[in-house]
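The primary structure of each chain is shown beneath.
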Amino acid sequence: VVLNVRPDSLYQLRKTYQSAQGPVKVDAQMGRWRFSPDDNLLLLGKEKGRLKTYLVAGNEVLRFVEWEGTDSKSQIQYELVRAPEVDAFGDVVKMRGMFETREGESQFTDCSSGVGFKVGQGGAYQTTVQNYMNTPHDAEVPLLLSIMGSVQRVEDFESFKETIFIDQFRRFYPNRDCDGNMIKASFTGTYWLLEEINGVVLEQETAEEALFLTFDPDRTLHGYGGCNQISGTYLIKGDVFLFNRAATTRVACDSGMGLENRLLRMLDETETYRVEGDELTLLDQKDQVLARFVAGP
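Residues numbered from 1 in each chain as written. Predicted model: local features only at pLDDT ≥ 70, side-chain atom pairs only at ≥ 80, totals over all residues. Heavy atoms only, no water.

Caption draft 1: Quick peek at the packing of aromatic side chains. Going through the model one piece at a time under the given rule, you end up with 18 aromatic pairs. On the basis of an interplanar angle of 75° and a centroid distance of 5.4 Å, the ring pair of F99 and Y132 is categorised as edge-to-face. Of this pair, F99 sits in strand 8 (residues 93-102) while Y132 sits in helix 1 (residues 125-134); the two residues are 33 residues apart in sequence, bridging distant segments of the chain. For Y132, a relative accessible area of 3% gives the class buried. Counting every residue linked through ring pairs, the aromatic cluster contains F187, F215, Y234, F241, F243 and Y273. Stacked on the ring of Y17, the Lys or Arg K25 has its end atom at 6.0 Å from the ring centre. The lysine or arginine in question, R96, covers the ring of Y173, its NZ or CZ lying 5.6 Å from the ring centre. (Phe/Tyr/Trp six-rings, centres within 6.5 Å; stacked < 30°, edge-to-face > 60°. Helix = DSSP H or I, 4+ residues; strand = E, 2+ residues; numbered from the N terminus. Buried < 20%, exposed > 50% of the residue type's maximum accessible area, 1.4 Å probe, protein only. Lys NZ or Arg CZ within 6 Å of the ring centre and 35° of its normal.)

Structure, rendered in structure tokens:
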């Protein structure tokens, strides 16, 4: 068992299991540590029921106490002794943090500790950036990201700086904070009800008459224009937002056809968007507001 207790409140833990019957197995993880001075205890982890606890037995020894959520009879009792040097710990571990890219460089802020790292341009970096650009989000707003990655020391202007290298991209969680809570209405998976178009506020008497759009993570869109069902695809590349729509039905109606045609023209003219709270705004290439939608049930 190797444990790094870092001054930035992160710990790095590696357990190596070896048996006569099978190959060596390595279990590595990274997270936040806390110290309880009253009980002289070092606590590893964040989630209740999964905390690992060590007793600080002097300045040189940590004594394992328990790992919550695990059968106490199967837990091996051991002590850790201070090593002369810190382990380099280049192990690949599961990480969750806020990711953002600006001016060609990316930053990853670890959720458990709030520690920020530069992201190295190797491994699955390009895949991660591509998914970041294709995931709906406000400009210059970080996204919650789950990866398998490692922390490595990289020489930077005659000094060494810790950098995260992404070994495996897992997924982005748009409009979520580090605890997984919804920050605002999600662009995808929300019924966006048309509230205003070309400066005119709509008055809809019943829910059945409501004009709406929904956007799925697979880049397909669906909606209702007042007469016809609308379907198609959309493309997001950074701030650029484009529709490729097609009406799936061709029903003519007296009362709603004019508004539907305005809605379809508006989709053709849309080139960017904003989500603020429970409101979606679509804009043209000059950042002029074309339409506003509100999140519905």
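So, next bit.
Caption draft 2: Summary view of the sheet that holds strand 4 (residues 41-44). An order of 1-2-3-4-5-6-7 is seen for the 7 strands of this open sheet, with the pairing classed as antiparallel. The strands lining the two open edges of the sheet, one partner per strand, are strand 1 (2-5) and strand 7 (79-81). The sheet shows a mean angle of 30° between the axes of neighbouring strands, taken without regard to direction. With 8 bridges joining them, strand 2 (residues 10-17) and strand 3 (residues 25-36) adopt antiparallel strand pairing. Counted as the bridge partner of Y17 is K25 from strand 3. (Pairing = 2+ DSSP bridges. Axes fitted to C-alpha atoms, helices over the stretch in contact; angles between N-to-C directions.)

Caption draft 3: Spotlight on the confidence of the model for the protein chain. Of the residues in the protein chain, 90% have a pLDDT of 70 or more, and the chain-wide mean is 85. By mean pLDDT, strand 18 (residues 240-247) is the weakest element of the protein chain at 76, and strand 7 is the strongest at 96. (pLDDT = per-residue confidence, 0-100.)

Caption draft 4: Seen up close, the environment of L13. Note that L13 resides in strand 2. Spatially, the C-alpha atoms of L13 and K184 are 35 Å apart, while their sequence positions differ by 171 residues. Each residue touching L13, except ones within four places of it in the same chain, is listed here: V1, V2, L3, D27, A28, Q29, K52, Y54 and F89. (Contact = heavy atoms within 4.5 Å.)

Caption draft 5: Inspection of unusual backbone geometry at higher detail. If you check the backbone angles, N40 has positive phi at about 60° while not being a glycine. Within the secondary structure, N40 sits in the loop between strand 3 and strand 4. One non-glycine residue, D287, lies in positive phi territory at about 65°. Residue class for D287 comes out exposed when judged on its relative accessible area of 53%.

Caption draft 6: Looking closely at the environment of L145. Relative to the helices and strands, L145 resides in strand 11 (residues 143-156). The exposure class assigned to L145 is buried, which follows from its relative accessible area of 0%. Along the backbone, L145 and R96 are 49 residues apart, and their C-alpha atoms lie at a distance of 5.6 Å. Residues within four places of L145 in sequence aside, it is in contact with M95, R96, G97, F99, F108, T128, F169, R171 and F172.

Caption draft 7: Here's a closer look at helix 2 (residues 257-269). An ideal rise of 1.5 Å per residue puts 18 Å on 13 residues; helix 2 measures up with 19 Å between its terminal C-alpha atoms. Those residues of helix 2 not exposed but buried are E260, L263, L264, M266 and L267. Burial along helix 2 is one-sided: seen end-on, the buried residues are contained in an arc of 155°. (Expected span 1.5 Å × (residues − 1). Arc of directions from axis to C-beta.)

Caption draft 8: Representation of the state of the cysteines. Per the stated rule, a full pass over the model turns up 1 disulfide. In this model C111 forms its disulfide with C178; the gap between the sulfur atoms is 2.0 Å. The sign of the S-S torsion, about -75°, decides the handedness of the disulfide formed by C111 and C178: left-handed. With C111 in the loop between strand 9 (105-110) and strand 10 (116-119) and C178 in the loop between strand 12 (159-173) and strand 13 (191-197), this pair connects stretches of sequence that are 67 residues apart. On the basis of relative accessible area, C111 is assigned to the buried category, the value being 15%. Note on C178: relative accessible area 23%, which makes it partly exposed. (Disulfide = S-S within 2.5 Å.)

Caption draft 9: Fine view of a nonpolar patch on the surface. On the surface, a nonpolar cluster with roughly 210 Å² of combined accessible area is contributed by L235, V240 and L242. Looking at where V240 falls in the secondary structure, it is placed in strand 18. (Patch = residues over 30% accessible without salt bridge, like charges linked within 9 Å, V, L, I, M, F, W, Y side chains within 5 Å. Areas by Shrake-Rupley, 256 points an atom, 1.4 Å probe, with all protein chains shown as cover. Salt bridge = Lys/Arg side-chain N within 4 Å of Asp/Glu carboxyl O.)

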